[in-house]
Amino acid sequence: MPFRNIVVAIDFSDESAAALDKAIEIAKESGGALHLINAYQVIAATPPMMGVGIPADLVSSLRDASSKQLSEWVDKAEKAGVTAHGHLSPASPSLAIET
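Bear in mind that the values here come from a model prediction, so they are computed numbers and not experimental data.

Caption draft 1: Structural view of the overall build of the protein. Broken down by element type, the protein carries three helices and three strands. Order of helices (α) and strands (β) in the protein, N terminus to C terminus: β-α-β-α-β-α. For the protein, the proportion of its 99 residues judged to be buried stands at 27%. Of the contacts formed within the protein by residues at least 6 apart in sequence, a portion of 70% connects residues at least 24 apart.

Caption draft 2: Broad picture of the pairing of strand E2 (residues 33-39). The element E2 is largely enclosed, with a buried count of six among its seven residues. The pairing of strand E1 (residues 5-9) with E2 spans five bridges and is classified as parallel. Paired with Ala-9 across the strands is Ile-37, a residue of E2. In this fold, E1 hands off to helix H1 (residues 14-30), which returns the chain to E2; that crossover is right-handed. Bridge count for E2 against strand E3 (residues 84-89) is six bridges, and the pairing is parallel.

Caption draft 3: Spatial organisation of helix H2 (residues 56-79). With 24 residues, H2 extends 34 Å between its outermost C-alpha atoms, agreeing within 8% with the 34 Å of an ideal straight helix rising 1.5 Å per residue. The complete set of buried residues in H2 reads Ser-66, Leu-70, Trp-73, Val-74 and Ala-77. Those residues of H2 that are buried are in contact with H1, E2 and E3. Positive backbone phi, approximately 100 degrees, marks Gly-81, located one or two places after H2.

Caption draft 4: Structural detail: the sheet that holds E3. One open sheet holds the three strands; their spatial order is E1-E2-E3, and the pairing between them is parallel. Sheet topology places E1 and E3 at the edges, where each strand pairs with a single neighbour. Averaged over all adjacent pairs, the angle separating strand axes in this sheet is 20 degrees, with direction ignored. Strands in contact with H1 are E1 and E2; relative to E1, the strand with the most contacts, it is inclined by about 175 degrees. Each of E2 and E3 touches H2; the most contacted strand, E3, lies at about 165 degrees to it.

Caption draft 5: Examining the environment of Leu-34 more closely. Inspection of the secondary structure puts Leu-34 in strand E2. Along the backbone, Leu-34 and Phe-3 are 31 residues apart, and their C-alpha atoms lie at a distance of 9.8 Å. The residues contacting Leu-34, other than those within four sequence positions of it, are Ile-6, Val-8, Leu-20, Ala-23, Ile-24, Ala-27, Ala-77, Val-82, Thr-83, Ala-84 and His-85.

Caption draft 6: Structural view of the packing of aromatic side chains. Within this structure, the stated rule accounts for one aromatic pair. Judged by centre distance (5.4 Å) and plane angle (80 degrees), the ring pair of Phe-12 and Trp-73 falls under edge-to-face. One end of the pair, Phe-12, is in the loop between E1 and H1; the other, Trp-73, is in helix H2, with 61 residues separating them in the sequence. Like Phe-12, the residue Trp-73 is buried in the burial classification.

Rules used in this analysis
- Within any chain, residue numbers begin from 1 and follow the written order of that chain's sequence.
- Restriction of local features to residues with pLDDT of at least 70 applies here, the model being predicted, together with a cutoff of 80 or more for giving and counting side-chain atom pairs; totals for whole chains, interfaces and linings are based on all residues.
- Calculation of side-chain values draws on the structure's entire complement of heavy atoms; hydrogens and water are dropped beforehand.
- Runs of E in the DSSP output that reach at least two residues are strands. Runs of H or I that reach at least four are helices, and both are numbered from the N terminus.
- The cut-offs for exposure are 20% and 50% of the maximum accessible area for each residue type, with area from a 1.4 Å probe on protein chains only; residues under the lower value are buried, those over the upper are exposed, and the others partly exposed.
- Pairs of residues are marked as contacts when any of their non-hydrogen atoms sit within 4.5 Å.
- Criterion used throughout: strands pair if DSSP finds at least two bridges between them.
- When the strands point away from the viewer and the path from the first strand over the helix to the second turns clockwise, the crossover is right-handed.
- One less than the number of residues in a helix, times 1.5 Å, gives the span that helix is expected to have.
- As a rule, the C-alpha atoms of each element are fitted with a line to give its axis, helices using only the stretch in contact, and angles between N-to-C directions run from 0 to 180 degrees.
- Working definition: rings of Phe, Tyr and Trp (its six-membered ring) pair if their centres are within 6.5 Å, and the pair is stacked with planes under 30 degrees apart, edge-to-face with planes over 60 apart, and tilted otherwise.

Given below as structure tokens:
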């Protein structure tokens, strides 16, 4: 039975690059579409009650950098001849994959 949708969790590491390459192979064989998911959840090292927050510009910079790199990975998959969609999420990785 061919795969119609193939989910690839991406953190831009060498390991996720290898996972993308394998997913591209599977998508080519099955005609399925890739869904590349990157979760960029930022976790504060101190509890919010201590009055220390995460600067909005840090979160924005992280989101923008992740979005740019995710687009490059989607382009790589499309240039290999498969349909690919990028999904960027500020949630935890498990929630990002689940939704």
